[in-house]
Amino acid sequence: QVQLVESGGGLVQAGGSLRLSCAASGRTFSSYAMGWFRQAPGKEREFIAAISWGGGRTYYADSVKGRFTISRDNAKNTVYLQMFSLKPEDTAVYYCAADLRGSYHLDRPAVYDYWGQGTQVTVSS
């Protein structure tokens, strides 16, 4: 069992920055990959970024590449999503997720075993 708790969401103007955090508990954090997804009203959950268990490999959606950075601190059991140059279209609920099975397709929601409750990010124009 893994518990995930996101924080750091909020309201920001276009062009601004936010850093999301996801604190994990329940299993050895350094043993599994983590991902970030987002879901806007009326839209499907969208892959944003993922990071391998050791942090050595990262993956990004084209829509955020160069603007968002995923990282993790295994000593703190936390994964981060640093977001720069935010746009109104980045407005969504952001979720972190844990992949305990060592999946290859970290861009697919179905491979993740546990999800956080989400944190709202709103970017005003």
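All values derive from a computational prediction rather than experimental measurement.

Trainee: Is there a simple way to think about the overall build of the protein in this case?
Mentor: Each helix and strand in the protein was counted, giving 0 helices and 11 strands. Reading the protein from its N terminus to its C terminus gives the helix and strand order β-β-β-β-β-β-β-β-β-β-β. Computed over its C-alpha atoms, the radius of gyration of the protein comes to 13 Å, within 12% of the 14 Å expected for a compact globule of 125 residues. Taken across its 125 residues, the protein has 42% of its residues classed as buried.

Trainee: Honestly, the pattern of salt bridges in this entry has me stumped. Any pointers?
Mentor: Two side chains of opposite charge can pair, provided their charged atoms sit close to one another. Under the definition given, this model contains 5 salt bridges. Between Arg-38 and Glu-46 there is a salt bridge; the shortest N-O distance is 2.8 Å. Note on Glu-46: relative accessible area 30%, which makes it partly exposed. Ionic pairing is found between Asp-90 and Arg-38, a salt bridge with its closest N-O pair at 2.8 Å. In this pair, Asp-90 is assigned in the loop between strand 8 (78-83) and strand 9 (92-99) and Arg-38 in strand 4 (residues 33-39), connecting sequence segments 52 residues apart. Look at Asp-90 and you get buried, because its relative accessible area is 1%. Residue class for Arg-38 comes out buried when judged on its relative accessible area of 5%. Within the structure, one salt-bridge network assembled from shared partners comprises Arg-38, Glu-46, Arg-67 and Asp-90.

Trainee: In this structure, what is going on with the environment of Arg-101? I would like to understand it.
Mentor: Positionally, Arg-101 belongs in the loop between strand 9 and strand 10 (114-115). The spacing of Arg-101 and Ala-33 is 68 residues in sequence and 8.7 Å in space, taken between C-alpha atoms. In this structure the side chain of Arg-101 is engaged in a polar contact, spanning 3.1 Å, whose partner is the backbone oxygen of Val-111. At 2.7 Å, the side chain of Arg-101 forms a polar contact with the side chain of Asp-113.

Trainee: How should the environment of Gln-117 be read in this particular structure?
Mentor: Within the fold, Gln-117 resides in the loop between strand 10 and strand 11 (119-124). For Gln-117, a relative accessible area of 49% puts it in the partly exposed group. In sequence terms Gln-117 and Ser-17 are 100 residues apart; their C-alpha atoms lie 21 Å from each other. The residues touching Gln-117, leaving out its near neighbours within four places in the chain, are Leu-4, Val-5, Glu-6 and Tyr-95.

Trainee: For this particular structure, what's the right way to read the packing of aromatic side chains?
Mentor: Think of a pair of aromatic rings as described by two things: how far the centres are apart, and how the planes are tilted against each other in angle. Under the definition given, this model contains 6 aromatic pairs. Aromatic side chains Phe-37 and Tyr-112 sit 5.2 Å apart centroid to centroid with 80° between the ring planes, which places their arrangement in the edge-to-face category. You can see Phe-37 sitting in strand 4 and its partner Tyr-112 sitting in the loop between strand 9 and strand 10, a full 75 residues away along the chain. An identical accessibility class is assigned to Phe-37 and Tyr-112; each is buried. An aromatic cluster of at least three residues, connected via ring pairs, comprises Phe-37, Phe-47, Tyr-95, Tyr-112 and Trp-115. One Lys or Arg, Arg-45, reaches over the ring of Trp-115 and ends 4.7 Å from the middle of that ring. Stacked on the ring of Phe-29, the Lys or Arg Arg-72 has its end atom at 4.3 Å from the ring centre.

The rules behind these values
Residues numbered from 1 in each chain as written. Predicted model: local features only at pLDDT ≥ 70, side-chain atom pairs only at ≥ 80, totals over all residues. Heavy atoms only, no water. Helix = DSSP H or I, 4+ residues; strand = E, 2+ residues; numbered from the N terminus. Rg over C-alpha atoms; globule rule 2.2 N^0.38 Å. Buried < 20%, exposed > 50% of the residue type's maximum accessible area, 1.4 Å probe, protein only. Salt bridge = Lys/Arg side-chain N within 4 Å of Asp/Glu carboxyl O. Polar contact = N/O pair within 3.5 Å; in protein donor to acceptor, adjacent residues only side chain to side chain. Contact = heavy atoms within 4.5 Å. Phe/Tyr/Trp six-rings, centres within 6.5 Å; stacked < 30°, edge-to-face > 60°. Lys NZ or Arg CZ within 6 Å of the ring centre and 35° of its normal.

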